[in-house]
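Each chain is listed here by its residues.
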Amino acid sequence: MTPLDEARSFVVGLGSKLGSVEVPVAEADGLVLVEDVVASELVPGDDNAAMDGWGLRSADATEPGATLRVVGRQMAGVADPGLTVGPGEAVRIMTGAPIPAGVDAVEMVERTSVSDGNDRNEAVTFELSVPVGQFIRRAGEDVSPGQRVLPAGTRLTPAAIGVAVSVGRRRVTVVRRPRVGVVSTGDELVTEDRPLRTGELRDSNRPGLLAAVARMGAEAVDLGRVPDDEALIEAALLRGAEDCDLVLSSGGVSMGDADLVKVILARLGDMRWMQVAIKPAKPLAAGTVGSTPVVGLPGNPVSSHVSFMLFAAPLIARLAGRNDPILRLRATLVDGLAGRPAAEVNGRVDERTHFTRVLVESDDEGVWTARSAGGQGSHQLSTMALANGLATQPGGVAIEPGAEATILMLP
Ligand code: AMP
Ligand code: MG
């Protein structure tokens, strides 16, 4: 059997970072920058008020209780060029508004009162003294011109999109979004909306895997379902390899008579067929057709998702220039996890890592706990749907109630 790390390195090594493309900033969430974003403007562009309140000369309010004459109002937006604040005067000012001439401090409205409760009235009284510079945001305090606000290699987040736009960028150069094709194989699979006949089942892997691809921020390409026919599977794989950056197939990689994917992959290109030391998702075929990586995921519904997470997700991340996307954490198994009956086979210890579907929760203090999501058969997709993580059970050995395990969170 192939150790998990070795299998994963092999699969991830089939791909490399894709080329770059220029896109509108607003469409770049989750993509990886291949250029530095350097500011060409000050942010903020001008000195402005940090609070709704009053602009004044702090020399006029060195003691609590100062009362000043109101001479105008400055809203956020365009500066009023005629507005100048002299000694003994104050101006009503809103958060983000430019600082009028003469003003060197702002006081928040909550610590003031106006003579008749109307801010357009003549006088405003300050409860406290007001130090110079109070509640004024200085021009360039966030970003100055020439500053590298986002280095190449940054994966764009919502805040990063905001930063890029705030320094005047409308487009950014990023690693291209991978196109990932998904094809399902199997004579027994039904795609139409009709009752099943004996022996048939619905093609649930393909929509599930397409959704998993989309969650990874890749472009999901539906390559359809093909029967267990060598020529048809071959045509679908070739078409996918031509059109996509990565092809994922479901089914046809185990030891059955109709397991043609591995046969075809071996014929079309470089391919490695592995029995990975994990449960579920032991069989895996991975290689290249032309220069396109192809990963043959097992057909068992749970196995296909586990395989996707362990092998396809890190490969998609590699193509996109990202790190392994799977979050790992330690959690307490409140009720423990049962040992697997297969933990010892013919007296030989099971060398596989078992992945157990669990429901992980965190309390208000950030302490993580986990519980089994239910039945763990590789055909029992319903418990995969209830789970949000996979607990690792080396050798399938039981985990005692209250003991910890490493959990891989589903993307
Ligand atoms: P295979 O890997 O092709 O031998 O399939 C293993 C098991 O997974 C069989 O019980 C298949 O019927 C089932 N299976 C294969 N492909 C799919 C699919 N696309 N959706 C749901 N179940 C599948
Ligand atoms: Mg099959």
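These notes cover the structure that comes with them. (Residues numbered from 1 in each chain as written. Chains lettered and ligands numbered in written order. Predicted model: local features only at pLDDT ≥ 70, side-chain atom pairs only at ≥ 80, totals over all residues. Heavy atoms only, no water.)

Things to note about the packing of aromatic side chains
Turning to step 1, where the next piece is worked out: Inspection of every chain in the model, using the stated rule, returns 0 aromatic pairs.
Turning to step 2, where the next piece is worked out: Taking NZ or CZ as reference, Arg92 lies 5.8 Å from the ring centre of Trp54, over its face.
Turning to step 3, where the next piece is worked out: A cation over an aromatic ring shows up here: Lys262 above the ring of Trp273, its NZ or CZ 4.6 Å from the ring centre. (Phe/Tyr/Trp six-rings, centres within 6.5 Å; stacked < 30°, edge-to-face > 60°. Lys NZ or Arg CZ within 6 Å of the ring centre and 35° of its normal.)

Section: the side chain of Gln74
Turning to step 1, where the next piece is worked out: Mapping Gln74 onto the fold places it in strand E5 (residues 67-74).
Turning to step 2, where the next piece is worked out: Residue Gln74 is classed as buried on the basis of its relative accessible area, which comes to 3%.
Turning to step 3, where the next piece is worked out: Side-chain polar atoms of Gln74 contact the backbone nitrogen of Asp80, separated by 2.9 Å.
Turning to step 4, where the next piece is worked out: Every residue in contact with Gln74, bar those within four places of it in the chain, is listed here: Ala79, Asp80, Leu83, Val91, Arg92, Ile93, Met94, Ala97, Pro98 and Pro100. (Helix = DSSP H or I, 4+ residues; strand = E, 2+ residues; numbered from the N terminus. Buried < 20%, exposed > 50% of the residue type's maximum accessible area, 1.4 Å probe, protein only. Polar contact = N/O pair within 3.5 Å; in protein donor to acceptor, adjacent residues only side chain to side chain. Contact = heavy atoms within 4.5 Å.)

Quick notes on the site of ligand 1
Turning to step 1, where the next piece is worked out: Residues in close proximity to ligand 1 total 17 residues, the closest being Glu188, Asp203, Gly252, Gly299 and Asn300.
Turning to step 2, where the next piece is worked out: Asp203 is positioned with one of its side-chain polar atoms (N or O) 2.8 Å from a nitrogen atom of ligand 1.
Turning to step 3, where the next piece is worked out: Between a nitrogen atom of ligand 1 and a main-chain N or O atom of Ser204, the distance comes to 3.2 Å.
Turning to step 4, where the next piece is worked out: Within the complex, 80% of the 490 Å² of free accessible area of ligand 1 lies under protein.
Turning to step 5, where the next piece is worked out: Listed by contribution, the elements that provide at least two residues to the shell around ligand 1 are strand E13 (179-185) and strand E15 (201-202).
Turning to step 6, where the next piece is worked out: Of the residues belonging to the shell around ligand 1, the class tally is 3 nonpolar, 10 polar and 4 charged. (Near = heavy atom within 4 Å. Areas by Shrake-Rupley, 256 points an atom, 1.4 Å probe, with all protein chains shown as cover. Nonpolar A, V, L, I, M, F, W, Y, C, P; charged D, E, K, R; others polar.)

Observations concerning the sheet that holds strand E20 (residues 283-289)
Turning to step 1, where the next piece is worked out: Judged by pairing direction, the sheet is mixed, and its 6 strands sit side by side in the order E16-E13-E17-E21-E20-E18 without closing on themselves. Unpaired on one side and paired on the other, strand E16 (219-226) and strand E18 (271-275) mark the two borders of the sheet. Across the sheet, the axes of successive neighbouring strands diverge by a mean angle of 15 degrees, strand direction being ignored.
Turning to step 2, where the next piece is worked out: Looking at chain direction, E18 and E20 are connected through 5 bridges and run antiparallel. Bridge pairing in E20 places Gln275 opposite Pro283. (Pairing = 2+ DSSP bridges. Axes fitted to C-alpha atoms, helices over the stretch in contact; angles between N-to-C directions.)

The values reported here are purely geometric and, on their own, carry no functional implication.
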